[in-house]
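The chain contents come next:
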Amino acid sequence: MRDGANLGSYGPSKNGPMIKRFLNTPSNPLPLPGCPSLSSGGLGSRCRQRRLVLLFLCCLVARMPVSSWGQSQDLSIDRGAAGLAQALARLPLTSRVLFIAAHPDDEPAGLLTFFSRGLHARTALLTLTRGEGGQNLISSDLTEALGLLRTGELLAADEYYGVEQYFTRAFDFGFSRSPEETFRFWDREIVLGDMVRVIRRFRPDIIVSVWKGTVQDGHGHHQASGILAREAYRAAGDPTRFPEQKLEGLAPWQTRRYCVVNSSEGPSSLKINTGEYVPLFGSSFQEIGALGYSLHRTQGMGTSHAFAGDALQVLGELSFDALRGIAASSAGARTLFSLSHQASSLSRAGLGNTVYGLPELLGTANPQQSWLKDQLESLQSFIDEAQSGFSPNDFSATYRPLLRGLETVRQIRQALTRPSLTGVPADHLNFLMEDKERDFLHAIERALGLSFEALSEVPVVTQDQRFVVTVHIVNRSLASIKLRQVRLLYPPGWKSEKVQGELTPLNPGAGVTMQFVVTVAREQPPTQLSLRRDHPHAAMYTVTEVERGQDSLPGPPIQAQLEYSVSEPVPVDRSGAATRKTPTPVEFSSVSLSSTRPVEYLDLDRLKGTRHIPLLVLPPLFVNVAPPLQVIPLASSAQPHWVQAELVNNSSVKIEGLLRLKIPAGWSVQPGIQRFQLAEKGLSTAFKFRVFSSGKVLPGHVPLTVTAEVAGRESSTSCRVISAFDLWRIPLYQKAGSELVCLDVRVAENANLGYIMGAGDKVPQVLEQLGVPVTLLGKEELASGDLSHYSCIVAGIRAYDVRSDLIAFNSRLLKYVEDGGTYIVQYNTPGAWNRVQYSPYPARIVSAEDRVTDETAPVTILDAAHPMFHSPNRITPADFDGWVQERGLYFIQDRDPRFKALLSSHDPTYPPLDGGLLLAQYGRGLYVLTSYSWFRQLPASVPGAIRLFANLISLSAKKHA
């Protein structure tokens, strides 16, 4: 709960080769403190005889991901016996590991899963960017919207890996050739500071960098990630670096080991088999990781799959001066379960961190070390008892030792406040024991099978709104549960009142329902990330709260918290029927238990099914404007243009007011003001404004702003809620407005375009604004339609990757060209395009590296006399100015000589590439292959790119006969 939060409570007040993608990108981290073994010795008596089922748990970790809020996928491997087994496995371990990567999809899925679910390590993933500059296979969303989509995909994958998720403020500005270029865009010190903040916050024992920081990493972001990971490893332990973080309660933290994913073996390398089979899961770590990795759908990873069998990953350790003098954990470190043939090698690597080693933090000179050792001896005995009492069909034998263990942890934490135990070692001890307290609470909840959920009656609330929250609690254990308190946690200004339900003891199988009427604070800000991008070309986010800048999602606006205690289980006879030999349940102890849930909305959808979705606080009124951008040829600038404003009422009351469109001098609007009224929540209405010039129009941008005035207050906010798999919903706010882009551009009068939409782009909308009739071609048209009706047909981006109908009827497109049509094919990826020869003559993408990433790279016109550069627009060098993100990608450098290259470009120090715009005469028509990134340039209203594409679609076979 944040400082200053209020409580609305009821109850007493209280203060590998298996996955091709994995082989192509560095993946798989290294073992960590906490590796299990079945060796005896250590604290107290050690159980040598384990139940057979415990052998199945040898590769399990004790936690579920806590990196975000929102609907969990409720994975089967985190429920029931498997969930409790993982919780029990984590209890004696204190291992923590942090992976560092550059983008969503960089992560080594199998190795992350092995660390988290196999080595029982508290595992986190720090991804420097949200992937905003990448490509999108499932929609036309780019930049910030794409970043939010990929954030959701990564969080869904993280649940399979079992890891926490962090980010930095770095924005993915697109493919980069080198770290030097990357650091020209990223503020190196800010990104490094964010990484150091995560390290000091998470306190890992080991850092694993996915990237080496060398040219072998390829992408400049990858290289920068590897370089910064090493720097962050050093800087996090240096008190002179980022001293301002002390104000956030973050002290320097020196990670003991730094490792890097390594594809080659060496004297300091470590081999890990992520393909090892886990009987309780029924699969391997690599297979589980592949399921998570397949959720990167925007990047086309839905086909990721891991076959059964070994999957060896090699990790290398890099030695730095900072490592000298730091004692590695002993090879005989106490661990919980065996990792079969891998356990001994991992133990020799010094990767076992357990509660057994905690007294060493105090030093032998501290008189409290002996006391702490005795306490941890007792703690370990309770852990042993809970593990020995585990049965997949009856968890009741784990209740008592888990509760006693929790009491012991709390006693240790209380003792750590003594003056004799203050200082840095005690602070870290308390940090680890606080984490251990959460582990015990999690294990107890898993053992009890507690059902506890808090549901809002509505998915969206606004300022000053009243709504009902229903809390359901069901005791699914064999014990009796005493409810001590149910309360709601929310920010200052909110209010709540209980209207239904009582705190009654819950016998096995019993449940209770409580309802609260909640009022949102009048000045409650909307749900949003603590990030904003100040201008369209910014390569760094600005944060409103520095300490929140690394969070993956905004926190829940309201949560429910349950405090309870547990009594003796009701005896069960051999038939499984409960008996009544113990008429009055007896509390195990006075230990108080707690559980917290975000308040969510249960969405019952007839097509999508039943889903829990996050509750959002949104502004009372949205003003969504369409189109957000209009390209206006100067020749038609005297004509009126229409702007539509859609108003959405998110509040629970009627909203009425005035709607205005603000325009700059030289332009007029009709009507200037429109009245609106939205009677109830969820209603929307649209208004149109007629915009026209009142004088001579010159090339340039004309900004238009739409404002809604309600009760004397103006609102000018548009919003889209970005959702990935309907699990997470993240609002994306923008200024409510539109922009007119006036430019000197012409298109052939008889142009009539057929467009084959590929992965999703906004090129057709821009062409329509130029006055070109555009028809989106579906399967039926491609199969049997009259294609000769179109003067030109264009295939959208990655069309041969996502349109099976296009592949099936590609011969009809070739016939269309042969009969005199013009067919333009935009970029495709090598894997999709090289699969079959789709063009009339051979043309292959030799390398994914054949691209021009520098949007300012000089472009050479190879045939200045070609009509492409003269009609209907005369192309000059100025038309290559102002491009965004890149020139082009996946240039076709291996092709038949009948393809004529018209343009050439290259990044600095790289050879020229002429495969970005290729024309070939085929029959009486023209076949065009173009890899220039029109899908980025046209929606960004880049004048020169629009003029070039207008010339391209104006080409006709007759002109080149």
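Residues numbered from 1 in each chain as written. Predicted model: local features only at pLDDT ≥ 70, side-chain atom pairs only at ≥ 80, totals over all residues. Heavy atoms only, no water.

### A closer look at the overall build of the protein
A tally of helices and strands in the protein yields 21 helices and 46 strands. The burial tally for the protein puts 59% of its 961 residues in the buried class. Carbon and sulfur atoms make up 51% of the accessible area of the protein, which amounts to about 37,700 Å² in all. (Helix = DSSP H or I, 4+ residues; strand = E, 2+ residues; numbered from the N terminus. Buried < 20%, exposed > 50% of the residue type's maximum accessible area, 1.4 Å probe, protein only. Areas by Shrake-Rupley, 256 points an atom, 1.4 Å probe, with all protein chains shown as cover.)

### Here we look at the sheet that holds strand β21 (residues 600-605)
Here 6 strands make up an open sheet; going across it, the order is β15-β16-β13-β11-β21-β22 and the pairing mixed. A single partner strand is all that each edge strand has here, and the edge strands are β15 (495-500) and β22 (609-614). Each strand of the sheet is rotated relative to its neighbour by a mean of 35°, with strand direction disregarded. Bridge analysis of strand β13 (residues 466-474) against strand β16 (residues 511-519) gives 9 bridges, and the strand direction is antiparallel. (Pairing = 2+ DSSP bridges. Axes fitted to C-alpha atoms, helices over the stretch in contact; angles between N-to-C directions.)

### Concerning the sheet that holds strand β46 (residues 925-930)
The 7 strands lie next to each other as β37-β36-β38-β39-β46-β45-β43, forming an open sheet whose pairing is mixed. Edge positions in the sheet fall to β37 (774-776) and β43 (900-901), since each of these pairs with one other strand and no more. Of the pairings in the sheet, the one linking strand β45 (residues 917-922) to β46 comprises 6 bridges and is antiparallel in character. Within β46, the position partnered with L919 by the bridge is V928. Across the sheet, helix α18 (residues 810-818) lies against β36 (753-756), β38 (792-795), β39 (822-825), β45 and β46, angled at about 125° from β46, the strand it touches most. (Contact = heavy atoms within 4.5 Å.)

### Let's talk about the packing of aromatic side chains
For the structure on display, the rule yields 24 aromatic pairs. Look at W833 and Y838: their rings are 5.6 Å apart centre to centre, the planes differ by 45°, and that puts the pair in the tilted class. Grouping residues by exposure puts W833 and Y838 together as buried. By the ring-pair criterion, three or more aromatic residues cluster together here, those being F880, W883, F891, Y932, W934 and F949. Positioned above the aromatic ring of F167 is the side chain of R130, whose terminal nitrogen or guanidinium carbon lies 4.2 Å from the ring centre. The residue whose ring lies beneath R188 is F183, and the NZ or CZ to ring-centre distance is 4.2 Å. (Phe/Tyr/Trp six-rings, centres within 6.5 Å; stacked < 30°, edge-to-face > 60°. Lys NZ or Arg CZ within 6 Å of the ring centre and 35° of its normal.)

### So, the side chain of E153
When you line up the elements, E153 lands in helix α5 (residues 143-161). Of the side chains bearing the opposite charge, R150 lies closest to the buried E153, which forms no salt bridge; the N-O distance is 5.0 Å. Once you skip the residues sitting within four places of it in the chain, E153 turns out to touch I138, L295, H296, R297, T298, A724 and F725. (Lys, Arg positive; Asp, Glu negative; His and termini not counted. Salt bridge = Lys/Arg side-chain N within 4 Å of Asp/Glu carboxyl O.)

### Examining the pairing of strand β35 (residues 737-743)
Most of β35 is tucked away, with 5 of its 7 residues classed as buried. Strand direction decides the pairing type here: strand β25 (residues 629-633) and β35, joined by 5 bridges, are parallel. When the sheet's bridge partners are listed, Q630 is paired in β35 with L740. Summarising the sheet, strand β31 (residues 700-710) and β35 pair through 6 bridges and their orientation is antiparallel. By the bridge assignment for β35, L704 is matched with S738.

### Considering unusual backbone geometry
Most of the time, phi is negative for any residue but glycine, and the peptide bond is trans. A cis amide bond links A626 to the next residue, P627, at an omega of -10°. Mapped onto the elements of the fold, P627 is located in the loop between β24 (621-626) and β25. For the peptide bond that leads from Q670 to P671, omega is -15°, which places it in the cis range. Here P671 lies in the loop between β28 (667-670) and β29 (673-678). With a phi close to 55°, Y890 is a non-glycine residue in the positive phi region.

### Concerning the pairing of β46
Most of β46 sits inside the fold, with 6 of its 6 residues counted as buried. Alternating residues of β46 divide into G925, Y927 and L929 and L926, V928 and T930, and every residue in both groups is buried. One ladder, built from 4 bridges, connects β39 with β46; its direction is parallel. Following the sheet pairing, I824 is matched in β46 by V928. Taken together, β45 and the strand that follows it, β46, pair antiparallel across an intervening segment of 2 residues, in which G923 is found at a positive phi of about 65°.

### Brief notes about the nonpolar core
Counting 68 residues, the largest nonpolar core has L402, F467, V471, I473, W494 and Y564 as the members making the most contacts within it. Excluding residues that lie within four positions of it along the chain, V471 makes contacts with F452, E453, A454, V486, V512, T513, M514, F516 and A560. Counting 52 residues, the second-largest nonpolar core is a separate cluster that includes F99, Y293, M301 and W728. (Core = buried A, V, L, I, M, F, W, Y, C linked by side-chain atoms within 4.5 Å.)

### Re the side chain of Q369
Secondary-structure assignment places Q369 in helix α11 (residues 368-388). A residue is classified by how much of its surface remains accessible, and Q369, at 18% relative accessible area, is buried.

### Comments concerning the confidence of the model for the protein
Confidence in the prediction of the protein, expressed as mean pLDDT, is 86, and 85% of residues score 70 or more. For the stretch residues 1-70, pLDDT sits under 50, and the model shows 298 contacts to residues farther than four places along the chain or on other chains. Long-range and interchain partners of residues 578-586, a stretch whose pLDDT sits below 50, account for 14 contacts in this model, where long-range means more than four residues apart. (pLDDT = per-residue confidence, 0-100.)

### Examining the environment of E855
Structurally, the position occupied by E855 is in the loop between β40 (843-844) and β41 (859-861). Among the residues examined, E855 registers a relative accessible area of 19% and is labelled buried. Excluding anything up to four places from it in sequence, E855 contacts F185, F880, W883, V884, Q885, E886 and R887.

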